[in-house]
Amino acid sequence: MTHLSKKGLGSVSRGYVDARTNRLIAAFRYPGEIGFIGSLDLATGELRKLSEIKGMMLYKVTSLAFDPESRKAWYTEDNYAFRDIIEIDVDTGRKRMILKDARIGDLVFNPADKSIWGIRHQNGFATISRIPLPHRGHNQVHTFAYGMTPWDLDISPDGTLVAASFSEVDGKQSVRVWTTQSFLAGSPEEVARLDLPPSTPEGFTFSPDGKRLLGTSYYTGVSNVFVFDLASQKYEVVTNAATGFFRPMEQPDGTLLVYEYAGDGLTPSRIVPQKRDDLGTVEFLGTKVVRAYPELKQWGVGSPARVPLDELVTERGKYHPKQRMRLAAAYPIVEGYQGLISPGYFIHFEDPMQFSQLSASVSYSPWGELRDRDRLHVNLKYK
């Protein structure tokens, strides 16, 4: 295995190898840095920042799609709100918003017709949406039944197949493949499925020839790379990781670019895949203890269904959130204004069910050449 970055990069989004520049296009978020869209030189490990991300996610950072021909990438901002979609030129860093409050994530680019596909969530329903050229609006392609949730969307290089990890209302999870044409016709036709119970399949994407899917799963307790052949519908495991591999990308020379998990975050690395039939499994210490001392099985608290809920009720009536609001937190803070330090305080009130929440941060900039009206900073939020 060869590490391609000089250090762990914290959280890293789905990435794309730009063959023209030999750089990895992705979003990065590590301690001391606001999450940003950038590119990593796969030869030197040099990291170039293109644009910071407003409203980044913790682990996935953002949803990202890339078109190597137009030199454009698309990513999402306000990821914990209504999601805007931003277009950025990966060579110049110029960007523009193409859709505001679109609520669309899991972006992927369709090379066949230059459209952008994604998954839109609203009112508990997941909808496959398509953003056709010139990327100024979106069309709802198909809405799944309530409780059916796709994620990690991908489209084959020739644009004929759509794949996604898929969760059902009963908790079953799989990778499913449909024809693009059937999606557009309004009745998705499933042509392949990968089940790896009881684990969750993640990050499956098409190989460059479109004949296989590559992704990861904690099937053995550690995230390893799985290769799923669409014709035979059989899979192989091609790694035996010690700490875990994520987001595999097959390269022209047959190697895989993966994110290796490390203490300082995900590290882009290059590995040589090998079919493995001797995978080691994680031995959980809790299981080991119970096997040694079977009497511990009787120490469990049992099913929640046995709890006499009705007997525990102390009061019945209408719940008034505002009347039950109490001080929940208060602590000193330090903010910044125009490069100056602004000490202050934060307080937060809420009811026990968190239906009504009121927070206030107040700080003051005593130093620097500021107008008096610019020294006091107050931010009030009520939900």
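Scoring rules and cut-offs
Residues numbered from 1 in each chain as written. Predicted model: local features only at pLDDT ≥ 70, side-chain atom pairs only at ≥ 80, totals over all residues. Heavy atoms only, no water. Pairing = 2+ DSSP bridges. Helix = DSSP H or I, 4+ residues; strand = E, 2+ residues; numbered from the N terminus. Axes fitted to C-alpha atoms, helices over the stretch in contact; angles between N-to-C directions. Buried < 20%, exposed > 50% of the residue type's maximum accessible area, 1.4 Å probe, protein only. Contact = heavy atoms within 4.5 Å. Core = buried A, V, L, I, M, F, W, Y, C linked by side-chain atoms within 4.5 Å. Salt bridge = Lys/Arg side-chain N within 4 Å of Asp/Glu carboxyl O.

Caption draft 1: Structural context of the sheet that holds strand β8 (residues 72-77). Read from one edge to the other, the open sheet built from four strands follows the order β7-β8-β9-β10, with strand pairing classed as antiparallel. Whereas interior strands pair on both sides, the edge strands pair on one side only; in this sheet they are β7 (64-67) and β10 (95-99). Pairwise comparison of adjacent strand axes, ignoring direction, gives a mean angle of 25° for this sheet. Pairing analysis gives six bridges linking β8 to strand β9 (residues 84-89), with the strands arranged antiparallel. When the bridges of β9 are listed, Glu77 appears paired with Asp84.

Caption draft 2: Structural context of the environment of Tyr364. The residue Tyr364 is located in strand β28 (residues 357-364) in this model. Tyr364 sits in the partly exposed class, given a relative accessible area of 40%. Not counting chain neighbours up to four residues away, the residues in contact with Tyr364 comprise Ile341, Ser342, Pro343, Arg375, Leu376 and His377.

Caption draft 3: Spatial organisation of the nonpolar core. Of all hydrophobic cores here, the largest spans 26 residues; its most connected members are Ile37, Ile53, Trp74, Tyr75, Ile85, Leu107 and Ile116. The contact partners of Ile53, leaving out residues within four places of it in the chain, are Ala27, Ile34, Gly35, Phe36, Ile37, Val61, Thr62, Tyr75, Thr76, Glu77 and Asn79. Grouped together as the second largest cluster of nonpolar side chains are 15 residues, Val12, Phe28, Phe36 and Leu257 included.

Caption draft 4: Here's a closer look at the environment of Ala102. Structurally, Ala102 can be placed in the loop between β10 and β11 (104-110). Considering only alpha carbons, one finds Ala102 and Gly137, 35 residues apart in sequence, at a separation of 9.0 Å. In this structure Ala102 touches Phe82, Arg83, Ile85 and Arg120, once residues within four positions along its chain are discounted.

Caption draft 5: Structural detail: the pattern of salt bridges. A complete count under the given rule lists 22 salt bridges for this structure. Across the pair Asp78 and Lys54 runs a salt bridge whose closest N-O atoms are separated by 2.8 Å. A residue pair is termed long-range when its members are at least 10 positions apart, and Asp78 in the loop between β8 and β9 and Lys54 in the loop between β6 (47-52) and β7 qualify at 24 residues. Overall, the relative accessible area of 45% leaves Lys54 in the partly exposed class. The partner of Glu87 in a salt bridge is Arg96, with the nearest N and O atoms 3.0 Å apart. Owing to a relative accessible area of 40%, Arg96 belongs among the partly exposed residues under this scheme. Taken together, the salt bridges that share partners define one network made up of Glu168, Arg176, Glu190 and Arg193.

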